[in-house]
Each structure stands twice: as C-alpha cells, then as structure tokens.
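# Residue-level structural notes
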Amino acid sequence: MWINVPGLFALLSLTSMAGILIYAHYKDCDPLTNGDIIASDQLLPLFVMELLAFIPGLPGLFVACLFSGALSTVSSGLNSLAAVTLQDIIRSWIVKDLSEARATLASKIISFSFGLLMIALTFVAAQLGGILQAALALFGMIGGPLLGLFTLGVLFPCANWIGAIVGLFSGLIMAFWVGIGAQIIKPIIPRAPISIAGCPVDNSTNITTTLMSAIANVTTESSILEERPPIAAMYTLSYMWYSGFAVMVVVFVGLVVSAITGFTKPDEVDSKLICPLFDSLFCCLPASWRRKFRCGVKYDEDTIIPCCVHTDIFDTVEDSSLKPVPSVSKDFDTINGSVSAPPPSYTESTDIDRASETSSAKVTYETYI
C-alpha cells in the first residue's frame, strides 16, 4: 500500500496544478457562466481543446486516455464484484457443488448484470452534480460505515456484537441522511471570484443576456439563503468528509451501546483479531503503561512488532518469562564427617530474546543438588 503513496502524491499534485491553471486561464471568462459548457466536468476538455487543438492528434489522444482510464477502472470493478458474488454468495449459500463450466457462465452473467446496473446508475449520478463528487459521495456513504465497523472491531476489544450492529446501521442512516439531504437542500458553496467581463461577445444583445442571467443567479441565491431551514446547516458537510463522519458515528454509537449492554470480557477476545494500537504507535512508553491500554487482552509478546527499540532493562526483565535463578539452600550431606561427592553437575543455558536490536543477554548457571 505504501508503494502507491509517491504515485498518488504526484497524481494529486498534477491535478491540483491543472485546476489552478484552468482557473487562472478562465478567471475573466467563466465558460460555465457564459454558457459555453453545461457542467464543470467539461472544463478540462475545453481547456485542452482551446490550448492544444493546433497539435494534430493530441486532443484525440487526450480523449482516448480519459476513456481508457475509465474503462480499466470499470472492468476491474465488474470482475471483482462478479468474483465475490460467485464465491461468497452462490457457492457458499445457493449452489455449493457448482462445476467450473457453470461457474464461468454464472460469472459472465453476473458481470453483465452489474454492467447494466452501472449504466442505470449513471442516470442517477447525473443528478448528483459532478462525476467525481457523485462517486466520492456514494463511496463515503457506503464505505464509511464499513470502515467504522472494522475500526471498532480491531481497535476496541471491549465492543460487543450488539454495539457493532447498532453502530453500523446508525452510521448508514446518518451518512445517507446527510448525503440525500444535501441533494434536496443544496448547500451554498463559496467559490473563488469569477467574471465574464473578458468573454468575447458578438453584439450588445449577448452582453445584455449574459448580465441579466448573472443578476438572476445572484438574486436566486440570495432568496434561497433567506429561506433555508435551520437543519440545512447539517447538509453543508463536504462530500469528502462523509467517510470520516460515518466512521465517528459508528465508533461512538458502538462503544455507547456496548457499554449499555455490557462490554466484551477480555478473556473471550482472540488477541489475533485485535490490533495492539498503543504498542505500535507509542512503543516507547513503559511496558506497564502499554499493558494498561490493552484493555485486559493478553497478547503473545513475540507477535507484537514495536516501532522503536526498548532501552529500559527493567521493562525487558519484567516482560520476560525468565524465572529468577534458584538459590541453593541445602548443604551437602555429610557422612562420617566428610562431604559426600556431589552428583554429576548439569548446566542450563537460557537465551533471552528481546525486541532490542542492540544487545542480548545470556545467562548460564550451574546448580548442584
């Protein structure tokens, strides 16, 4: 996952710079206000056609790159949905002994069905504004509660199944409430100042029509602002924060419901399913502190990978399973005033493995009985 970070950073930087360039180019002649385009998604193709149309083949190459990127994403998504549906639903619950030939045919039918559904959803997405906004909004409303459910289960071992279910449905309800409400009561989004003073016009009639349209838009926005109900402030949440909002709702409601219905006992929790968050993020804290943050869950110390090197020898010995060296309290038996020969000696060597990368300890002792 971390390998994609440089590429993602470069992609976001390029798209941000492209947006800044487009705004600087059209700041005195907004194509959307002037009526040259009907949606903000058309700004980038218009920008490319106006500036690079003199290069033969480049506009067509640009459009081909857009379609190829979109089709690759769609095809991978359809194949993934078909595979998951076939394996987790059909083969697990409906037809368990499905042959490979029938499974291939079923996979193709499922992929085709999801494709038809995706085409139908494009008409819904057309009513949600821009394509990017619609995609991120839907992903946030659906993926956010699922991320909150996994976060609740992995990071909070005290949560129970009742809190997880109630938190999941609460997150879905709140996310869809805000998302659908934002489409019914459109939030007024402040935008950077734009103008149409620099747009070329043919005659005075076009100037008058454009100015009257701009004045009408300003008047409409003012009247909408005055008539907005108090609950409209809730719908001003950006669509990019739907996921984070849903995660917070699921975690909060899940913990509250778990506290009301009774937290899960630490002994009933499988430590392999829980992430020791404080051991990973705050590993430089003393071991006694980190054990308190584990909520009573007993982890295998060998499976915890710290993020730094421990240097406290007391924490190391305290966490160790090494028992103290037994002391010899018996004197040798004496017979006729002479010390009897001790039995053969044995040597026990114990290696103490520690997370420290700088040193290791080895204790060797001999015991005579």
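This text follows the structure it describes.
Here the structure is a predicted model, which means the values were calculated and not measured.

The next point concerns the overall build of the protein. Looking only at helices and strands, the protein features twelve helices and four strands. When each of the 369 residues of the protein is scored for burial, the buried share is 22%. A separation of at least 24 residues holds for 70% of the contacts in the protein among residues at least 6 apart in sequence. When the accessible area of the protein is evaluated, it comes to approximately 26400 Å², of which 69% is carbon and sulfur surface.

The next thing to look at is the state of the cysteines. Counted according to the given criterion, the structure contains one disulfide. Here Cys-29 engages in a disulfide with Cys-199; their sulfurs sit 2.0 Å apart. The chirality of the disulfide connecting Cys-29 with Cys-199 is right-handed, given an S-S dihedral of about 115°. Here Cys-29 is found in the loop between α1 (4-26) and α2 (31-34), whereas its partner Cys-199 is found in the loop between α7 (161-184) and α8 (204-227), with 170 residues between them in sequence. Like Cys-199, Cys-29 is buried.

Since its relative accessible area comes to 16%, Cys-29 is described here as buried. With 165 residues separating them along the chain, Cys-29 and Ile-194 place their C-alpha atoms 7.4 Å apart. Excluding its chain neighbours within four sequence positions, the residues that come into contact with Cys-29 are Asn-34, Ser-195, Ile-196, Gly-198, Cys-199 and Pro-200.

A few words on the nonpolar core. Core analysis: the largest hydrophobic core is formed by twelve residues, namely Ala-137, Met-141, Ala-175, Val-178, Ala-182, Tyr-235, Tyr-242, Phe-245, Ala-246, Val-249, Val-253 and Val-257. Counting residues per element, the ones that place at least two in this core are α6 (131-155), α7 and α9 (242-261). Tallying contributions element by element places α9 first for this core, with six residues. Every residue in contact with Ala-175, bar those within four places of it in the chain, is listed here: Met-141, Phe-245 and Ala-246.

Looking now at the pattern of salt bridges. Side-chain pairing between opposite charges can occur once the charged atoms of the two side chains come close. Considering all chains together, one arrives at two salt bridges under this definition. For Lys-27, the salt bridge identified is with Asp-28, shortest N-O distance 3.1 Å. In this structure Lys-27 comes out as partly exposed when scored by relative accessible area, which is 38%. With its nearest N and O atoms 3.4 Å apart, the salt bridge here joins Arg-91 to Glu-100. The class for Arg-91 is partly exposed, based on a relative accessible area of 21%.

The next thing to look at is the packing of α6 against α9. With their axes 7 Å apart at the nearest point, α6 and α9 run at an angle of 35° to one another. For the pair α6 and α9, the crossing hand works out as right-handed. Each of Ala-137, Phe-139, Gly-140, Met-141, Gly-144, Pro-145, Leu-147, Gly-148, Leu-149, Thr-151 and Leu-152 in α6 lies in contact with α9, whose residues at this interface are Tyr-242, Ser-243, Ala-246, Val-247, Val-250, Val-251, Gly-254 and Leu-255. Of the residues belonging to the contact of α6 with α9, the class tally is 13 nonpolar, six polar and no charged.

Further remarks concern the side chain of Asp-30. Position of Asp-30 relative to the elements: it lies in the loop between α1 and α2. Side-chain polar atoms of Asp-30 contact the side chain of Thr-33, separated by 2.5 Å. With sequence-adjacent residues up to four places away left out, Asp-30 is seen in contact with Ile-194, Ser-195, Ile-196 and Cys-199.

Rules used in this analysis
- Residues numbered from 1 in each chain as written.
- Predicted model: local features only at pLDDT ≥ 70, side-chain atom pairs only at ≥ 80, totals over all residues.
- Heavy atoms only, no water.
- Helix = DSSP H or I, 4+ residues; strand = E, 2+ residues; numbered from the N terminus.
- Buried < 20%, exposed > 50% of the residue type's maximum accessible area, 1.4 Å probe, protein only.
- Contact = heavy atoms within 4.5 Å.
- Areas by Shrake-Rupley, 256 points an atom, 1.4 Å probe, with all protein chains shown as cover.
- Disulfide = S-S within 2.5 Å.
- Core = buried A, V, L, I, M, F, W, Y, C linked by side-chain atoms within 4.5 Å.
- Salt bridge = Lys/Arg side-chain N within 4 Å of Asp/Glu carboxyl O.
- Axes fitted to C-alpha atoms, helices over the stretch in contact; angles between N-to-C directions.
- Left-handed = near helix turned anticlockwise from the far one by under 90°.
- Nonpolar A, V, L, I, M, F, W, Y, C, P; charged D, E, K, R; others polar.
- Polar contact = N/O pair within 3.5 Å; in protein donor to acceptor, adjacent residues only side chain to side chain.

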